[in-house]
Every structure is written in C-alpha cells, then in structure tokens.
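So the chains spell out like this:
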Amino acid sequence: MPLNDSELQVQARNILDEIAFTSFEQCQLLSREFSSIPARPGIYAIRHKTDGLLYIGKTKSLRGRFGGGHKAFLWAWLDKYNDEDVRIAVQVISHWGNPALLLELEAIILRATEPPYNAQIPTER
C-alpha cells in the first residue's frame, strides 16, 4: 500500500497503463451478464476502439457495476458508437478497504486523462 504521494503517483500510473494500454482486443466485450468481468473491487475504463478512453471509474464489484447498466453506454449510443467498438478495461484493486486511497488513485488517473464522459474531474489537493 502506498505510503507517500510519490508511491501513490507510481501506483496510479501503473493502473492507468493497464487500463489504457491493454490491447483493445484483450478488453472485455459488452454483454448482458458481464460474466467475464471479475466480481472484485477495481478501477475500470470504458474505451473506444479508436477514440480511446471514454470513462474511468472505481467500484466495489466490477461485474456488479455493469450488470445494472452504465451511463457511459448510453452516451456512447447517443454518440452513435458501434457497440463492437466499445469495450471495458479492468484493473482489480486489492485494497478496497482504504476508500481515501482509491479516491485519490481515481482522481490522479482522471486528472491525467480527462475522459470525455466523466462529468467531474477532481482538482489536485
């Protein structure tokens, strides 16, 4: 677990690299059940095949987060993206018990990427 801002920045960069640079073909397909997505805590990105990151978030259950729908899917539909060109990249996080840490990791990643479907980007502390 990170102890200082430098270690937190490194961990956030590693997570961002995983969700942003995993090949699109290795990202999770959209489905009704999302059974291939782990039911574990994590940070996720909704990605477009050519336009890149659309949305980034964190959740207690990656599979559960998508089972009930997600606003980014509606926005992608409104933007007329083909559903085959939208996928989900996930990074399981082992320390969900520290909400402040996850909030800061998510904030660092959001500030670095500014995905268009994230309505609010936290300011730096």
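Residues numbered from 1 in each chain as written. Predicted model: local features only at pLDDT ≥ 70, side-chain atom pairs only at ≥ 80, totals over all residues. Heavy atoms only, no water.

### Structural notes on the nonpolar core
By size, the foremost hydrophobic cluster in this structure holds 19 residues, and its most contacted members are I19, I43, I56, L105 and I109. Elements with a minimum of two residues in this core: α1 (5–21), β1 (42–48), β2 (52–59) and α4 (99–113). In this structure I56 touches I19, I43, Y44, A45, E106, I109, L110, T113, P115 and N118, once residues within four positions along its chain are discounted. The next biggest cluster of nonpolar side chains, apart from the first, holds 14 residues, and it includes Y55, F73, A76 and V86. (Core = buried A, V, L, I, M, F, W, Y, C linked by side-chain atoms within 4.5 Å. Buried < 20%, exposed > 50% of the residue type's maximum accessible area, 1.4 Å probe, protein only. Helix = DSSP H or I, 4+ residues; strand = E, 2+ residues; numbered from the N terminus. Contact = heavy atoms within 4.5 Å.)

### Observations concerning the sheet that holds β2
Judged by pairing direction, the sheet is antiparallel, and its three strands sit side by side in the order β2-β1-β3 without closing on themselves. Since the sheet does not close on itself, it has two edges, and those belong to β2 and β3 (86–92), each with one partner. Averaged over all neighbouring strand pairs, the angle between strand axes comes to 20°, with direction disregarded. In terms of strand pairing, β1 meets β3 through seven bridges, oriented antiparallel. Each residue of the ladder has a partner; that of A45, found in β3, is A89. α1 contacts β1, β2 and β3 of the sheet and is inclined by roughly 35° relative to β1. (Pairing = 2+ DSSP bridges. Axes fitted to C-alpha atoms, helices over the stretch in contact; angles between N-to-C directions.)

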